Amino acid sequence: IKKIGVLTSGGDSPGMNAAIRGVVRAGLGEGLEVFGIYDGYLGLYEDRMVSLDRYSVSDLINHGGTFLGSARFPEFREESTRMIAMENMKKRGLDALVVIGGDGSYMGAKRLTEMGFPCIGLPGTIDNDVAGTDYTIGYHTALETVVEAIDRLRDTSSSHQRISIVEVMGRHCGDLTLAAAIAGGCEFFVTPEIPYTREELLAEINAGIAKGKKHAIVAITELICDVSELARYIEKETGRETRATVLGHIQRGGAPCAYDRILASRMGTYAIDLLLQGYGGRCVGVQNEKMVHHDIIDAIENMKRPFRKDVLETAKRLY
Ligand code: F6P
């Protein structure tokens, strides 16, 4: 292979720039030409790409977001759209594509691979919901952000003896909520993996109050319920003032933490190793601290991320 493309797709995550940098610097070091594609699959479809040199990725390792831009582009599910993207890559002489993103982005990479164009997927999302890896690029930075927010909420909820409900991102994955609940010392948590009723949560909060808890923080994953409505219910039933906070996109921004910078750099350079070894249609992961790769089709269709029951048990013992 001589020329490759790199793009970031779906929701951005801190460390994506470091991953692009890893791909570019390692790729150039091996004599490849590396094209940066703007705005994910949308830019691929619209043929917006530029050849990158080593200075194109200078001063970026410490920046959140992605300098290439990202987009959600559902039209890429259409074969006719992907055909145009493929033609653009062929016209430019690209031999392979590195896709940095979450499971939606992996789906695009899988489809291009099935159409005969070799892709390597790198897991970039704060949700930590990608199969075949212990951690995704951006997860640890987002975790720091959530924990810092919870620490702040603790100050004010303890001063006012209130119950504070904090909604955490993660889509259908509770990893961010669970880890933040432990690190933030939350009194209660609700995640998508554990069946939940608001009556059970209320009973737990009441049991805490009976034990003498003066205030409480509840971490809950997004998309489970309307947290403002939940706060009103808890306030009415407990007689304690309750406030809801939605952390939202604050969680996606900010300088990547050192772990994410290192993970992204390792994954970016490893993608080049795989391509030079002739691999395509793979996705990169870190498992037990080692770089690994899996078949991207298998990862999407068959592999499941194991839910960390041991971590859950730890969290419960800290209530
Ligand atoms: O996948 C990352 C993520 O931040 C999720 O946690 C969240 O559900 C979603 O993206 C939000 O998407 P958008 O930025 O398109 O509103």
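Residues numbered from 1 in each chain as written. Predicted model: local features only at pLDDT ≥ 70, side-chain atom pairs only at ≥ 80, totals over all residues. Heavy atoms only, no water.

In the nomenclature of an unreviewed UniProt entry, the protein chain corresponds to ATP-dependent 6-phosphofructokinase from the organism Tatumella terrea. The Function (unreviewed entry) comment attached to the protein chain in UniProt states, word for word, "Catalyzes the phosphorylation of D-fructose 6-phosphate to fructose 1,6-bisphosphate by ATP, the first committing step of glycolysis." In its Subcellular location (unreviewed entry) section, the UniProt entry covering the protein chain states "Cytoplasm". (UniProt positions renumbered as here; feature names shortened; annotations may be inferred.)

Visitor: In this structure, what is going on with the site of the ligand? I would like to understand it.
Guide: Taken together, Arg-72, Thr-125, Asp-127, Met-169, Gly-170, Arg-171, Glu-222, His-249 and Arg-252 make up the full set of residues adjacent to the ligand. Arg-72 is positioned such that a nitrogen or oxygen atom in its side chain is 2.8 Å from an oxygen atom of the ligand. The side chain of His-249 places a nitrogen or oxygen atom 2.8 Å from an oxygen atom of the ligand. In the complex, 75% of the free accessible area of the ligand, which totals 400 Å², lies under the protein chains. Tallied by class, residues from the shell around the ligand come to one nonpolar, three polar and five charged. (Near = heavy atom within 4 Å. Polar contact = N/O pair within 3.5 Å; in protein donor to acceptor, adjacent residues only side chain to side chain. Areas by Shrake-Rupley, 256 points an atom, 1.4 Å probe, with all protein chains shown as cover. Nonpolar A, V, L, I, M, F, W, Y, C, P; charged D, E, K, R; others polar.)

Visitor: How should the sheet that holds strand β1 (residues 3–8) be read in this particular structure?
Guide: In a beta sheet, neighbouring strands pair by backbone hydrogen bonds and run either parallel or antiparallel. Pairing in this open sheet of seven strands is mixed, and the strands run β3-β2-β1-β4-β5-β10-β11 from one edge to the other. Both edges of this open sheet fall to β3 (49–52) and β11 (290–295), since each of them pairs with a single strand only. Taking the axes of each pair of neighbouring strands and ignoring which way they run, one obtains an average angle of 25 degrees across the sheet. Strand direction decides the pairing type here: strand β5 (residues 119–123) and strand β10 (residues 282–287), joined by two bridges, are parallel. Within the sheet, the bridge partner assigned to Gly-121 lies in β10 and is Cys-283. Across the sheet, helix α9 (residues 258–276) is in contact with β1, β4 (96–101), β5, β10 and β11; its angle to β10 comes to roughly 140 degrees. (Pairing = 2+ DSSP bridges. Helix = DSSP H or I, 4+ residues; strand = E, 2+ residues; numbered from the N terminus. Axes fitted to C-alpha atoms, helices over the stretch in contact; angles between N-to-C directions. Contact = heavy atoms within 4.5 Å.)

Visitor: Would you mind showing me how to read the pairing of β11 here?
Guide: It is a general feature of regular strands that their side chains alternate between the two faces of the sheet. Relative to β11, β10 is paired through six bridges, and the arrangement is antiparallel. Across the sheet, residue Gln-287 finds its bridge partner in β11, namely Lys-290. Once β10 ends, the chain turns through two residues before running back antiparallel as β11, passing Asn-288 with a positive phi of about 50 degrees.

Visitor: Looking at this structure, how should I read the sheet that holds strand β7 (residues 188–190)?
Guide: The four strands lie next to each other as β7-β8-β6-β9, forming an open sheet whose pairing is parallel. In this open sheet, the two strands that pair with only one neighbour each are β7 and β9 (242–246). When the angles between neighbouring strand axes are averaged without regard to direction, this sheet yields 15 degrees. Here five bridges tie strand β6 (residues 163–168) to β9, and the two strands are oriented parallel to one another. Bridged to Glu-167 within β9 is Val-246. Contacting β6, β7 and β8 (216–221), helix α6 (residues 175–183) runs over the sheet at an angle of about 165 degrees to β8.

Visitor: How do you make sense of the pattern of salt bridges when you look at a structure like this?
Guide: Think of it this way: side chains of opposite charge can pair up when their charged atoms draw near. Taken as a whole, this structure holds 19 salt bridges when the rule is applied. Note that Asp-39 and Arg-48 form a salt bridge whose closest N and O atoms lie 3.0 Å from each other. Across the salt bridge formed by Arg-198 and Glu-229, the nearest N and O atoms sit 3.1 Å from each other. Here Arg-198 is found in helix α7 (residues 198–210), whereas its partner Glu-229 is found in helix α8 (residues 227–238), with 31 residues between them in sequence. Judged by its relative accessible area of 35%, Glu-229 is partly exposed. Each of the salt bridges in this network shares a partner with another, and the network as a whole consists of Arg-162, Glu-235, Glu-241 and Arg-243. (Salt bridge = Lys/Arg side-chain N within 4 Å of Asp/Glu carboxyl O. Buried < 20%, exposed > 50% of the residue type's maximum accessible area, 1.4 Å probe, protein only.)

Visitor: Hey, could you run me through the packing of aromatic side chains in this one?
Guide: How two aromatic rings sit relative to each other is given by the distance of their centres and the angle of their planes. Inspection of the entire model under this criterion finds five aromatic pairs. With 6.4 Å between their ring centres and 40 degrees between their planes, Phe-73 and Phe-76 make a pair best called tilted. Between Tyr-135 and Tyr-139, the ring centres sit 6.0 Å apart and the planes meet at 10 degrees, which makes this aromatic pair stacked. With a relative accessible area of 26%, Tyr-135 lands in the partly exposed category. The class of Tyr-139 is buried, set by a relative accessible area of 5%. Counting every residue linked through ring pairs, the aromatic cluster contains Tyr-41, Tyr-45, Phe-73 and Phe-76. The side chain of Arg-54 reaches across the aromatic face of Tyr-55, ending 5.7 Å from its centre. (Phe/Tyr/Trp six-rings, centres within 6.5 Å; stacked < 30°, edge-to-face > 60°. Lys NZ or Arg CZ within 6 Å of the ring centre and 35° of its normal.)

Visitor: Hey, could you run me through the UniProt feature "domain: Phosphofructokinase" (unreviewed entry) in the protein chain in this one?
Guide: Look at the UniProt record and you will see "domain: Phosphofructokinase" (unreviewed entry) annotated at residues 3–275. For residues 3–275, the helix share is 44%, the strand share is 17%, and the end-to-end C-alpha distance is 11 Å.

Visitor: Would you mind going over the pairing of β6 with me for this structure?
Guide: The buried fraction of β6 is high, at six of six residues. On β6, burial covers both faces: Ile-163, Ile-165 and Glu-167 on one face and Ser-164, Val-166 and Val-168 on the other are all buried. Where β6 and β8 come together, six bridges link them in parallel fashion. Paired with Glu-167 across the two strands is Ile-220, which belongs to β8.

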